[in-house]
Amino acid sequence: MLERTSEHQHVETQPMILFGRGPDRTGRRTRKKVSVLERQVIDFLGYQWAPLLTNFLHIVVVILGLFGTVQFRPRYVTGYAAWLVVWMTWNVFIICFYLEVGDLSRDSDLVLTFNLSMHRSWWMENGPGCRVTPISPPPSWAPEDHRYISISGCLMDFQFIEVAHSSLQILLALMGFIYACYVVKLISEEEDSFDFIGGFDSYGYQGPQKTSHLQLQPMYM
């Protein structure tokens, strides 16, 4: 009679995609959201409705891009990179608007306020060193719900402060675009490597199997 003993081991592993420097990646997105929130508050105080809507969309897309980076969703990161191109274009327009490039005029009420108010940039009255002096009586053409003021002593004109803000946003967006492309490239390379070893097939990856030798022992009757 023969006695047979065997040992069989089955190992099933799940694919994992690992990227380093996670806290640094989220830190960059956090700093970007803080800068956009600061600009959102300034535009709100200045009744700049068009920048308010654009900033809100940018905040939403940044959150989606952060989610796509943490969850390794390349479509979200790609969409974030595409939006950054639009965001940089918008900030270039803002720079041209305040510098009055071509036919643009920063005194226009239609572009940034949708012709709903006569307000300009918040920095016009609250810039560094600015002194605001009310003038009375106001001129006859001034609306009743608006005050007529004189501004003097500003260390920097408001249009240059707005240009500096938009330039900072362009710089941050350019860095974010480069980093988003880098993350998409890493995710694609990791997916290709797991596809090559069969890490994403329906049966999972099976490790090497170990089987013990067949043992024969004589028995006496």
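Residues numbered from 1 in each chain as written. Predicted model: local features only at pLDDT ≥ 70, side-chain atom pairs only at ≥ 80, totals over all residues. Heavy atoms only, no water.

Here's the deal with unusual backbone geometry
Then step 1. Of note, the phi angle at F72 is positive, near 55°, even though the residue is not glycine.
Then step 2. By secondary structure assignment, the location of F72 is in the loop between helix 2 (49-70) and helix 3 (74-98).
Then step 3. Despite not being glycine, E100 has its phi angle at roughly 55°, a positive value.
Then step 4. Turning to its location among the elements, E100 is positioned in the loop between helix 3 and helix 4 (123-126).
Then step 5. For E100, a relative accessible area of 31% translates into the label partly exposed. (Helix = DSSP H or I, 4+ residues; strand = E, 2+ residues; numbered from the N terminus. Buried < 20%, exposed > 50% of the residue type's maximum accessible area, 1.4 Å probe, protein only.)

Examining the packing of aromatic side chains
Then step 1. In the structure shown here, the tally under the stated rule is seven aromatic pairs.
Then step 2. The interplanar angle of 50° and the centroid separation of 6.1 Å between the aromatic rings of Y179 and Y182 together place this pair among those described as tilted. Residue Y179 and its partner Y182 are located together in helix 5 (residues 158-196), separated by three residues, close to a single helical turn.
Then step 3. Judged by relative accessible area, Y179 falls into the buried class, the value being 15%.
Then step 4. For Y182, a relative accessible area of 45% translates into the label partly exposed.
Then step 5. Within the aromatic cluster, the residues linked to one another by ring pairs are W90, F93, F97, Y98 and F158. (Phe/Tyr/Trp six-rings, centres within 6.5 Å; stacked < 30°, edge-to-face > 60°.)

Things to note about the nonpolar core
Then step 1. Residues Y80, W90, Y98 and L112 are the most contacted members of the largest nonpolar core, which totals 27 residues.
Then step 2. Those elements that place two or more of their residues in this core are helix 2, helix 3 and helix 5. (Core = buried A, V, L, I, M, F, W, Y, C linked by side-chain atoms within 4.5 Å.)

Points about the confidence of the model for the protein chain
Then step 1. Confidence in the prediction of the protein chain, expressed as mean pLDDT, is 75, and 64% of residues score 70 or more.
Then step 2. Across the protein chain, helix 3 holds the top mean pLDDT of 94, while strand 1 (residues 12-13) sits lowest at 40.
Then step 3. Below pLDDT 50 for its whole length, residues 1-23 participates in 38 contacts with residues either more than four positions away or in separate chains. (pLDDT = per-residue confidence, 0-100. Contact = heavy atoms within 4.5 Å.)

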